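If you want the building blocks of each chain, they are given just below.
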Amino acid sequence: MDFGCVITAMVTPFDEDLNVDYRAFEKLVDYLIENGSDALVVTGTTGESPTLSDEEKVNLYKIAKEVSQGRAKIIAGTGSYDTRHSIELSVKAQEIGVDGLLLVSPYYNKPTQEGLYRHFKMIAESVDIPVMLYDVPGRTSVTIEPETLKRLSEVKNIVAVKDAAGNLDKTSKTVALAPNLRVYSGDDSLTLPMLAIGAKGVVSVASHLVGKRIKEMIQAFEKGEVGKAREIHLELFELFKALFVVTNPIPVKEALNMVGFKVGGLRPPLVGADEKTREILKKTLSKLGLL
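Residues numbered from 1 in each chain as written. Predicted model: local features only at pLDDT ≥ 70, side-chain atom pairs only at ≥ 80, totals over all residues. Heavy atoms only, no water.

Chemist: So what's going on with the UniProt feature "active site" (unreviewed entry) in the protein? Residues and values would help.
Modeler: As recorded in UniProt, the sites labelled "active site" (unreviewed entry) are Y134 and K162. Taking the farthest pair of C-alpha atoms as the criterion, the annotated set spanning 29 residues converges on one region, since that pair is 4.7 Å apart. For Y134, the contacting residues outside a window of four places in its chain are T45, L102, L103, V104, S105, I144, K162 and A164. The topology assignment puts K162 in strand β6 (residues 158-163). Discounting chain neighbours no more than four positions away, the residues touching K162 are L102, M132, L133, Y134, D135, Y184, G186 and V203. (UniProt positions renumbered as here; feature names shortened; annotations may be inferred. Contact = heavy atoms within 4.5 Å. Helix = DSSP H or I, 4+ residues; strand = E, 2+ residues; numbered from the N terminus.)

Shown next as structure tokens:
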């Protein structure tokens, strides 16, 4: 399975009562596919997965598949800190017909490396579709070590890892130890550096706003046009950082609302952007001609 080079970690739109706005979700799926996304992660961290019910998640997977019509791969974020629950949701997602799964490291309960290995292996072996692991120690308090990723790469349908550890040395070791595991940057600002050490692409938040430009950057690098890739990276760098000035997805939802793509607010315990964040976003979006 080739997920492509630009994968958007989608927000979940809500209405004024914080119910899932399925109509806005349909429009967002179509918009992202038309603007550079090769694949979409539905109900990942950016999609506020911890506050979505399983019923809402399943409905979102169905709609994403219906709207995409094969134009982009649909990756369901079905991982959690409960192995059994993750398996149940993963099986449901496969039955709907999603193209792959994104499995985040278990958070809060802090398993050992052996626990991580067994968790991911059990979920992957419960389905037949490709699996992307998600290493984000800043949120989960655990790191999937390169040696563990090597072991997991031997599971036939574990094909990729979203690397949001922010450690290029660790990424280099992973690429060296598990060459058959596709590595995707989990941080927009590190995409270009990670391409240089073997990454395939990015699971992006900024692609909600500049998906085509991010794809141009990756394609330029792949063609050997490193100067052009660097120019695009530096052009977008301020946006990459602005979208994480406070907890994701607070800034990206605010930015989408600012540019006229109404995705609503956030479910508690997340809250909307404060004035300082709005000013940073307004300045950054204006500089890029997005406002």
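Chemist: Explain the packing of helix α1 (residues 22-34) against helix α9 (residues 207-222) to me, using residue names and the numbers behind them.
Modeler: Axis separation between α1 and α9 bottoms out at 9 Å; the angle between their running directions is 20 degrees. In terms of their interaxial angle, α1 and α9 are classed as roughly parallel. In this structure, α1 crosses over α9, and the sense of that crossing is right-handed. Contact with α1, carried on its side by L28, Y31, L32 and E34, involves S207, H208 and K212 of α9 and no other residues of that element. (Axes fitted to C-alpha atoms, helices over the stretch in contact; angles between N-to-C directions. Parallel < 35°, antiparallel > 145°, perpendicular 65-115°, else oblique. Left-handed = near helix turned anticlockwise from the far one by under 90°.)

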